Amino acid sequence: MSPTVAGDGLTASDEYTVLVAVNNPQNAEQLMRTAVDLAVANDGRVHVVSVVHKHHTSPFLLFEDEYIREEFSGDRKRLLERATDVAVEADVPVADSLLVGSSVSGVLLDAIDDIEADAVLLGWRGDTTASDRVLGTTIDPVVRRARCDVLIERVGLTTSTVETILLPTVGGPHAELATEVTEAIAARNDATVDVLSVVQPDADDRTQDIATGHIERSLELLPDRVETDRLLVESDDITETILEVGEDHDVIVLGATRRGVLTRRIAGSIPQRVGTETDRPFVMTKRRPDRSRLGELIARWWP
């Protein structure tokens with residue numbers, strides 16, 4: 001089913017495009033600021049969407065999508081206006097769409113393809129039982145199937161200033177995307193970036209060298225204008241170390257890991273635990289899959 005649109009509609013652009021989904025006015029500004037940071041770093045634009053969920057038990061099923069959009073979406077339209085104001089203030093091109101559908105994740109995936117988004121930003125409350133319309137289990141299908149980079153931001157955790165960013169890394173494409181996102185946030189806030197890698201206390205020289213290589217790769221991707229530091233820490237508990245070190249930072253940005261992250265539910269992974277337990281603003285990243293059939297299958301079963 002094609003989504004109903006308002007505003008500028010779902011129009012593809014040659015510009016780098018960040019699609020950001022907002023359904024809660026309390027989180028709109030937080031998500032939009034991250035989306036704007038990414039758009040500025042890539043000379044791109046932001047496309048903000050809000051979804052009216054036409055659940056199979058909803059009385060909305062009695063009405064056509066166009067009627068729902070016109071008669072029941074006043075609060076959503078005001079939400080879109082509030083969100084777009086953030087992009088306008090930063091002089092970033094912005095479009096907005098109001099979508100209607102029986103599957104929130106399905107509507108978002110269609111929107112990603114329709115506008116040919118380069119990245120999608122979703123909010124997450126930090127638990128695995130959320131029922132809000134663009135949170136919780138809605139995230140999983142988007143992460144598995146989106147043909148673009150995916151950013152998941154823990155909503156409700158904000159900071160008045162961003163002076164230090166923690167970038168844990170284990171290497172790989174997801175970590176490289178995390179580095180790009182970190183650069184975008186750091187550049188807009190003149191923040192310092194600490195790149196962290198964790199090894200076991202009894203790690204041999206080869207393992208130490210690999211961990212150091214992950215740090216150096218992230219540093220290579222960060223421009224000289226961003227102030228950086230290296231953190232190589234020995235610990236038996238990677239997650240606990242990230243949480244402890246993160247206490248001294250304003251934001252944590254972490255790439256998805258290859259094992260156990262964002263499978264059918266958000267559970268059982270280092271990023272999930274960090275995102276749940278930290279009291280710092282937190283962003284997790286997943287690099288877009290290769291568009292080949294093999295690449296999509298790999299991304300689906302081994303994110």
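Scroll up a little and you will see the structure.
Cut-offs applied
Residues numbered from 1 in each chain as written. Predicted model: local features only at pLDDT ≥ 70, side-chain atom pairs only at ≥ 80, totals over all residues. Heavy atoms only, no water. Core = buried A, V, L, I, M, F, W, Y, C linked by side-chain atoms within 4.5 Å. Buried < 20%, exposed > 50% of the residue type's maximum accessible area, 1.4 Å probe, protein only. Helix = DSSP H or I, 4+ residues; strand = E, 2+ residues; numbered from the N terminus. Expected span 1.5 Å × (residues − 1). Pairing = 2+ DSSP bridges. Axes fitted to C-alpha atoms, helices over the stretch in contact; angles between N-to-C directions. Parallel < 35°, antiparallel > 145°, perpendicular 65-115°, else oblique. Left-handed = near helix turned anticlockwise from the far one by under 90°. Contact = heavy atoms within 4.5 Å. Nonpolar A, V, L, I, M, F, W, Y, C, P; charged D, E, K, R; others polar.

**Describing the nonpolar core**
Core analysis: the biggest nonpolar cluster contains 45 residues, and Val 20 and Ile 165 have the highest contact counts within it. A total of 7 residues in this core trace back to one element, the largest contributor, which is helix H1 (residues 25–41). With 35 residues, the next largest nonpolar core counts Leu 10, Ala 111, Val 142 and Val 143 among its residues.

**Observations regarding helix H4 (residues 104–115)**
Compared with the 16 Å implied by 1.5 Å per residue over 12 residues, the 17 Å span of H4 between its first and last C-alpha is a close match. Taken residue by residue, H4 has Val 104, Ser 105, Val 107, Leu 108, Leu 109, Ala 111, Ile 112 and Ile 115 as its buried positions. The positive-phi residue at the C-terminal boundary of H4 is Glu 116, with phi of around 55°.

**Some details on unusual backbone geometry**
Even without being glycine, Asp 91 reaches a positive phi, approximately 60°. Looking at where Asp 91 falls in the secondary structure, it is placed in the loop between helix H3 (74–89) and strand S3 (94–101). Even without being glycine, Glu 116 reaches a positive phi, approximately 55°.

**Description of the pairing of strand S1 (residues 17–21)**
In terms of residue burial, S1 counts as a mostly covered element, since 5 of its 5 residues are buried. Going residue by residue along S1, you find Thr 17, Leu 19 and Ala 21 tucked away on one face and Val 18 and Val 20 tucked away on the opposite face as well. Examined bridge by bridge, S1 and strand S4 (residues 119–124) share 3 bridges and lie parallel to one another. Residue pairing in the sheet places Leu 19 in a bridge with Val 120 of S4.

**A word on the packing of helix H6 (residues 173–189) against helix H7 (residues 205–221)**
A pair of packed helices can be characterised by two numbers: the angle between their axes and the separation between those axes. Where H6 contacts H7, the axes come no closer than 9 Å and their chain directions differ by 45°. Considered as vectors, H6 and H7 are oriented oblique to each other. Crossing angle aside, the handedness with which H6 passes H7 is right-handed. Judged by residue contacts, Glu 176, Thr 179 and Glu 183 of H6 engage Arg 217, Ser 218 and Leu 221 from H7. Along the lines of polarity and charge, the residues of the contact of H6 with H7 split into 1 nonpolar, 2 polar and 3 charged.

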